[in-house]
Amino acid sequence: QVQLVESGGGLAQPGGSLRLSCVASGFTFSSYSMSWARQGPGKGLEWVSSIYNDDSETVYADSVKGRFTISRDDAKNTLYLQMNSLKPEDTALYYCAKGDIRYMDPGTGYWGQGTQVTVSS
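Residues numbered from 1 in each chain as written. Predicted model: local features only at pLDDT ≥ 70, side-chain atom pairs only at ≥ 80, totals over all residues. Heavy atoms only, no water.

Describing the nonpolar core
Heads up, the condition is: Nine residue types can take part in a nonpolar core, namely buried Ala, Val, Leu, Ile, Met, Phe, Trp, Tyr and Cys, and a core is a set of them joined through side-chain atoms within 4.5 Å. Residue burial is assigned from relative accessible area. The probe radius is 1.4 Å, only protein chains are included, and a residue is buried under 20% of its type maximum, exposed over 50%, and partly exposed in between. Strands are runs of DSSP state E lasting at least 2 residues, helices are runs of H or I lasting at least 4, and numbering of each runs from the N terminus. Any two residues whose heavy atoms approach within 4.5 Å are treated as being in contact.
Core analysis: the biggest nonpolar cluster contains 25 residues, and Trp-36, Phe-68, Leu-79, Leu-81, Met-83 and Tyr-94 have the highest contact counts within it. Within the residue set of this core, elements represented by two or more residues are β3 (18–25), β4 (34–39), β5 (45–51), β7 (68–73), β8 (78–83), β9 (92–98) and β10 (115–119). Broken down by element, the residue count for this core peaks at 4 residues, all from β3. Aside from chain neighbours lying at most four places away, what touches Tyr-94 is Glu-6, Leu-20, Ala-37, Arg-38, Val-48, Phe-68, Leu-81, Met-83, Gly-114, Thr-115 and Val-117.

Rendered as structure tokens:
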């Protein structure tokens, strides 16, 4: 069965950095695009970034462009999100998901349980 396990969240200062990981199992990781999304306090689910499976092309939400970097290591079945120049508004529960979630119906697909990121001085 598909399993996605996020880790790496925690407390960071504004301007600081965190690196999130998502370990995947139960499917051929290298054959699928992957995504990160987040849900902040009192907010809906927001797509953050996706990475393609064929050429590893990446796309980002405007809110994180230039600060976050999505990457993947197919040999380790692992997805990463390097977050730099963190802002308080980045505070959220971060999820990884199988596929490019921009083209999927809300509430569908495969998601991890999330890892909490808190940015506060």
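Okay, back to it.
With respect to the side chain of Thr-78
Worth spelling out the cut-off: Polar contact is the term for a pair of N or O atoms within 3.5 Å; when the atoms are in protein, one must be able to donate a hydrogen and the other to accept it, and sequence-neighboring residues count only if both atoms are side-chain atoms.
Examined against the element boundaries, Thr-78 turns out to sit in strand β8. At 2.8 Å, the side chain of Thr-78 and the backbone oxygen of Lys-76 are in polar contact. Residue contacts for Thr-78: discarding those within four places in its chain leaves Ser-21, Cys-22, Val-23, Phe-29, Ser-71, Arg-72 and Asp-73.

What to know about the sheet that holds β5
The following threshold applies: Strands were regarded as paired on the criterion that DSSP finds at least two bridges between them. Axes here mean lines fitted to C-alpha atoms, for a helix over just the part in contact, with angles spanning 0 to 180 degrees between N-to-C directions.
With mixed pairing, the 6 strands of this open sheet are ordered in space as β2-β10-β9-β4-β5-β6. Looking along the sheet, the strands with just one partner apiece sit at the ends: β2 (10–12) and β6 (58–60). This sheet shows a mean twist of 25° between the axes of neighbouring strands, independent of strand direction. Bridge count for β4 against β5 is 6 bridges, and the pairing is antiparallel. When the bridges of β5 are listed, Ala-37 appears paired with Trp-47.

Remarks on the pattern of salt bridges
We apply this condition: Should a side-chain nitrogen of Lys or Arg be within 4 Å of a carboxyl oxygen of Asp or Glu, the pair is scored as a salt bridge.
One pass over the full model with this rule turns up 6 salt bridges. Salt-bridge contacts for Lys-65 lead to Asp-62; the nearest nitrogen and oxygen are separated by 3.2 Å. Here Arg-72 ties to Asp-74 by a salt bridge, and the two come within 2.8 Å at their closest N and O atoms. Exposure remark for Arg-72: the relative accessible area of 12% places this residue in the buried category. Looking at Asp-74, the relative accessible area reads 30%, which means it is partly exposed.

Observations concerning the state of the cysteines
As a reminder, the rule being used: We call a pair of cysteine sulfur atoms a disulfide when they lie within 2.5 Å.
This model, assessed by the stated rule, comprises 1 disulfide. Across the disulfide from Cys-22 sits Cys-96; the S-S distance is 1.9 Å. On the sign convention where negative is left-handed, the bridge of Cys-22 and Cys-96, at about 50° about the S-S bond, is right-handed. One end of the pair, Cys-22, is in strand β3; the other, Cys-96, is in strand β9, and 74 residues separate them in sequence. Both residues of the pair, Cys-22 and Cys-96, count as buried.

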